[in-house]
Amino acid sequence: MLSLSGTGIGRGIAIGRAIVLDQGHNDIPCYRISATALSGEIERFNHAVDAVRADLKRVQRNLPTDAPPETSAFIDVHLLMLDDPVISQQPVQTIQEQQQNAEWALKSHADTLIDFFEDIADPYLRSKKNDVAQVVGRIMGELAHSQGKQPSDLATLGSSLAEQIIVARDLTPADTIMLRGRNMAAFVTSLGGPISHTAILARSLGLPAIVGLHDVIDTIHNNDLLIVDAATGTVLVAPDEPLLAQFRELQQQHLRHQQRLTLLKSEKAVTQDGEAITLLANIELPEDIEGLRSAGAAGVGLYRTEFLFMNRPKPPSEDEQYQAYCHVLRRVEGPVTIRTLDLGADKQVDGGRPDRETTATSALGLRAIRLCLSEPSLFKPQLRAILRAAVHGDAQIMIPMLSSLRELEQSLALVGEVCAELEREAVAFNPKVPLGGMIEVPAAAVSADLFARKLDFLSIGTNDLIQYTLAIDRVDDSVNYLYDPLHPSVLRLIRTVIRAGHEADIPVSMCGEMAGDPAFTRLLLGLGLRHFSMEPSQLLEIRQQVRQSTLAGLPRQVTDILNCVETGSLYDLVDQLNQTDSD
Amino acid sequence: MKLQRELQIVNRLGLHARACAKLVKTANQFESDIVLRQNEHQADAKSIMGLMMLAATQGTRLTVITSGADAEDAMTQVQHLINNRFEEDE
């Protein structure tokens, strides 16, 4: 059995046989065309373009009535690109002048275009290089077809793909539409990220998908049995019978569970004994707001801003950031907690620090607030953008990875400086934006009371807190087994932070994975946590758990758990906690 | 006839693919040549690739030049489309 990981879209599980769509452009042939054969080669190219055009038009005419409204517009874009001289005429010139074969002539022009798009600073406009690649890919597919190669093409697939999983390099919007109604189980692509057409349309189709699995085409063969687990971004190839049975059961559970949960959408997050709990969402991309709304989050407890900074040569300008923050603030009811840049470690920015070697790869290195304080030219535009955007909504600033009070003081001083600048420039901004700290370094957790005196809120980042407390390198597989959210030290630190917040009378939230895991909800309630922030997909689940819990009695039970000295029995105790009075 | 006008891209996503497609479709209705110029770059409004490669984000100022028999109508329509945020919400 083989296990592959990529980026999961959705949370579902699919089990089925692979259909590998070989889009016919993995190996691009390169050869010279004799002078006498040139007109034939040009004709072959023109035929391919005509065939793609006819195919796109056919798809557009036959769009199902429930197709997302933008689908037709996407196909329009591809049709216009196909007719653009850069794509349909310049390769012809190259065939003519350089006596190259059609594939190679097209490839050389396409590469130039794609390189050009790569250099565009705006991430949205830059992502349009995928459209170029898709249109070119279709022409390449037709060219391969005309050479007698028989790529398995969507058009040749049967009308029902029940229990089959589509495996491809990339899916175009048109492909995804052609797949509609054919009942397949999932799709898996080697290209694409969380904002690719594939991902966006997959979400709208409600299909689980794994994208960004680079060599998937080479590893998976037609008819391989696959398990797709979108929640973990994993594809299991040729699983054995016990594993299969296990995932079938999980799949059934997931389906039943989803059906029940949707009933909770508009119910309040209130415990059995009437205490209201605040459930917030973690977001990254503007489209995450949809998920947040449909699950009824009270606001955003963690808005990760790194996305704006990644995969680009230069950091975004203050104005670009301002627009991005405004976009979120205008659409979210309730508070939006914007975490300042948490770059470094496993999240590297491509550019922006050209004069510095990439030494910040360590989780213990120059990252997050450390990096920001060492480079005010990176940090100040972000602070300015947030303070300006805060005029349009309920923004809060959250500083990641604080470890010393000095860092906090420096950050507060910078915020003061930025406010003074904006004041001088007479730019509209909100000077009263609440400022909070992420408590994820043990040093900060132990002395959370000192931080609490200077901050408006605290938020516990459990992922880093666990790895730092237990001295685990997250990228080292051999110590993964030590990662334990229920380690008494971790629980004690969490309790310390929550108490510090209560004593200083400021809110404490939690935005790590633990907050979105229903197995820990009661434990955290018992520790005094009242604000949970999680991936939008977890909101309904946690809401259900909150509604089935009774606060009275929890603190005492949790204290027993924290005082437990028998190793290994903590999980049993938490299980017991979760089973009591659950109806 | 030749007309020249300064316009600003006001929709949030800028000249993205679908906006470009609308602009090309509008431009194709006219005989006139229609060119968008941004500093030293310029693009034929009838070429979607050219427009996309301008990479004009929200706030970008462009010079629109229309020349030909129906230059005036062409300018009016292009201006309307850009100022109307390509019929997008924001």
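Here, the structure is the one placed above.
It should be emphasised that the depicted structure is a prediction, and the values quoted were computed from it without experimental measurement.

Turning our eyes to something else, we now look at the overall build of chain A. Of the regular secondary structure elements, chain A holds 25 helices and 16 strands. A burial count over chain A gives 54% of its 583 residues as buried. Of all intrachain contacts in chain A linking residues separated by at least 6 positions in sequence, the fraction that spans at least 24 positions is 69%. For chain A, the computed accessible surface area is about 25,500 Å², with 50% contributed by carbon and sulfur atoms.

Okay, helix α5 (residues 102-118) of chain A next. Note: α-helices contain 3.6 residues per turn, so residues at a spacing of three or four share the same orientation. Look at α5(A): 24 Å from first C-alpha to last across 17 residues, which is about the 24 Å you get at 1.5 Å a residue. The complete set of buried residues in α5(A) reads A:Ala102, A:Glu103, A:Ala105, A:Leu106, A:His109, A:Ala110, A:Leu113, A:Ile114 and A:Phe117. Projected down its long axis, α5(A) carries its buried residues within an arc of 160°, all on one side. If you follow the buried residues of α5(A), they end up packed against α1 (38-61), α3 (85-88), α4 (90-98), α6 (123-126) and α7 (129-146) of chain A together with α2 (48-54) of chain B.

Moving on: the sheet that holds strand β3 (residues 41-44) of chain B. Residue and element names in this part refer to chain B. Read across the open sheet, the four strands follow the order β1-β4-β2-β3; overall the sheet is antiparallel. Edge strands, defined here as strands with exactly one partner in the open sheet, are β1 (2-8) and β3. Direction aside, the axes of adjacent strands within the sheet are offset by 20° on average. By the bridge criterion, four bridges tie strand β2 (residues 33-38) to β3 in an arrangement that is antiparallel.

Here we take up the nonpolar core. By size, the foremost hydrophobic cluster in this structure holds 97 residues, and its most contacted members are A:Tyr303, A:Tyr325, A:Leu458, A:Ile494, A:Leu523, A:Leu524 and A:Phe532. Those residues in contact with A:Leu523, other than ones at most four positions away along the chain, are A:Leu486, A:Leu491, A:Val558, A:Ile561, A:Val574 and A:Leu577.

One pair of aromatic rings is described through two measures. These are the centre distance and the angle between the planes. Residues and elements named next belong to chain A. This structure, assessed with the given rule, holds two aromatic pairs over all chains. Their ring planes at 80° and their centres at 6.3 Å tell us that Phe116 and Phe117 sit as a pair that is edge-to-face. Judged by relative accessible area, which is 0%, Phe117 ranks as buried. Here the aromatic rings of Tyr303 and Tyr325 are separated by 6.0 Å at their centres, their planes lie at 85°, and the arrangement is edge-to-face. With Tyr303 in strand β10 (residues 300-304) and Tyr325 in helix α14 (residues 318-331), this residue pair connects regions lying 22 residues apart in the sequence. In this structure Tyr325 comes out as buried when scored by relative accessible area, which is 0%. Here the guanidinium or amino end of Lys107 rests over the ring plane of Trp104, the centre of that ring lying 5.6 Å away. One Lys or Arg, Arg388, reaches over the ring of Tyr322 and ends 4.2 Å from the middle of that ring.

Criteria and cut-off values
- Residues numbered from 1 in each chain as written.
- Chains lettered and ligands numbered in written order.
- Predicted model: local features only at pLDDT ≥ 70, side-chain atom pairs only at ≥ 80, totals over all residues.
- Heavy atoms only, no water.
- Helix = DSSP H or I, 4+ residues; strand = E, 2+ residues; numbered from the N terminus.
- Buried < 20%, exposed > 50% of the residue type's maximum accessible area, 1.4 Å probe, protein only.
- Contact = heavy atoms within 4.5 Å.
- Areas by Shrake-Rupley, 256 points an atom, 1.4 Å probe, with all protein chains shown as cover.
- Expected span 1.5 Å × (residues − 1).
- Arc of directions from axis to C-beta.
- Pairing = 2+ DSSP bridges.
- Axes fitted to C-alpha atoms, helices over the stretch in contact; angles between N-to-C directions.
- Core = buried A, V, L, I, M, F, W, Y, C linked by side-chain atoms within 4.5 Å.
- Phe/Tyr/Trp six-rings, centres within 6.5 Å; stacked < 30°, edge-to-face > 60°.
- Lys NZ or Arg CZ within 6 Å of the ring centre and 35° of its normal.

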